[in-house]
Every structure is written in structure tokens, then in C-alpha cells.
Amino acid sequence: MICVGADPGLHGAIAVLECKRHGERPVLVGCWDIPTAGRIYGKVARPRYVLPEVANLLKAVAVFEPETFVIEEVQGHGHQKGSSYFGYGVGILHMAATIYGLPISICSPSRWKADLRCPAAKSASVRMAEARIADGGNGMFRGPKGGGLDGRAEAALLAYWGWVKLARRGAM
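Participant: Quick one: what's the story with the pairing of strand E5 (residues 44-49), residue by residue and with numbers?
Facilitator: Where strand E4 (residues 36-41) meets E5, six bridges bridge the pair, whose relative direction is antiparallel. Counted as the bridge partner of Gly38 is Pro47 from E5. If you look at the hairpin formed by E4 and E5, you'll find two residues sitting between the two strands, and Gly42 has a positive phi there, around 70 degrees.

Given below as C-alpha cells:
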């Protein structure tokens, strides 16, 4: 069974897991950062989604024919600068997944983290993903200097959460 998770942030990622039976750790098939590029606003370069590349990434993910595609429903707080961009990323992924016929599940961070008993700290997400995914994700959750890549780790954990939910419903 293939499960996909997506962390829609500007430093987010999409992870594809191959999940076998309950009790076996899932295998990370692929993990890709959400395509972004710096755009100049005034004197500052800010990352923005590259929409054609996001669509192509979701098209490639659709080839795996996943059982579920879990998108984290992130929301900014009203007083945060750029908080509306959170919802924009969710919308982009939702639209592209709908176009390619992926079975979408939306989940809030508080729900999946509570279900998996994952602390809110980003470093804890990286450690948990390495513990729950076979072979620790083959180093995909760490950068070249060893720092944690929480977007990739959380995308993998979202896919893992989707697998656990499907297993509980008896869909396996």
C-alpha cells in the first residue's frame, strides 16, 4: 500500500511511503522538497512556490497510485506576517491533487501529532520519523551538515499517520 504525506510550508515536502503489514516499518520510496524559488520584493528575495513544478511533482506522485494523500492543514495566526501564505500552500496542493485524482485527506497538525504522540518541536519530528521509517529514511531527514529537515520528516509522518488510520479502518 502506498501512502503519501505533504507538509505544505515553504520549506515543506512530499513523502511517499510503501507500507506493508502493521508491525513492519514502512519504507520511504521518495521524498521531495516543495519547489520554491526566490522572488525579489523590494530589496528582499523571498521564497515562493513554483506552480508548474509543484504540479509536475504531484503528477509524478500520482503514478504511484496512493491509497491516501494526506495534506497538513496549516493555518497561520492573524498577527503573523505572511500567515495567509500557509493556506495558499494547502490550496495549491489540494488543487493539484484533485486534478490528478489523488484520494485527499486533510489533517490538522494538532490531530496527527496527538495521534502519533509526536511533540511539537521540529527536532522531535525528525527523530520520530527516523525511528518509525525503515532504515531511518536513508538520511533523507538530515541535511548535508547533519541538521534536521523537518519538512521532509513531517511529510513522512503524515503519510505514516494516513497508513495507521487506514489500518484501523481495515482498509489493508
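Participant: I'd love a proper account of the sheet that holds strand E7 (residues 104-107), names of residues and values included.
Facilitator: Taking strand neighbours across the sheet as the criterion, the five strands line up as E3-E2-E1-E6-E7 in an open arrangement whose pairing is mixed. Two strands in the sheet have a free side with no partner beyond their single neighbour: strand E3 (27-33) and E7. If you compare each strand with its neighbour and ignore which way they point, the axes differ by 20 degrees on average. With four bridges connecting them, strand E1 (residues 2-7) and strand E6 (residues 68-72) associate as parallel partners. Paired with Cys3 across the strands is Thr68, a residue of E6.

Reading the values: rules and limits
- Residues numbered from 1 in each chain as written.
- Predicted model: local features only at pLDDT ≥ 70, side-chain atom pairs only at ≥ 80, totals over all residues.
- Heavy atoms only, no water.
- Pairing = 2+ DSSP bridges.
- Helix = DSSP H or I, 4+ residues; strand = E, 2+ residues; numbered from the N terminus.
- Axes fitted to C-alpha atoms, helices over the stretch in contact; angles between N-to-C directions.

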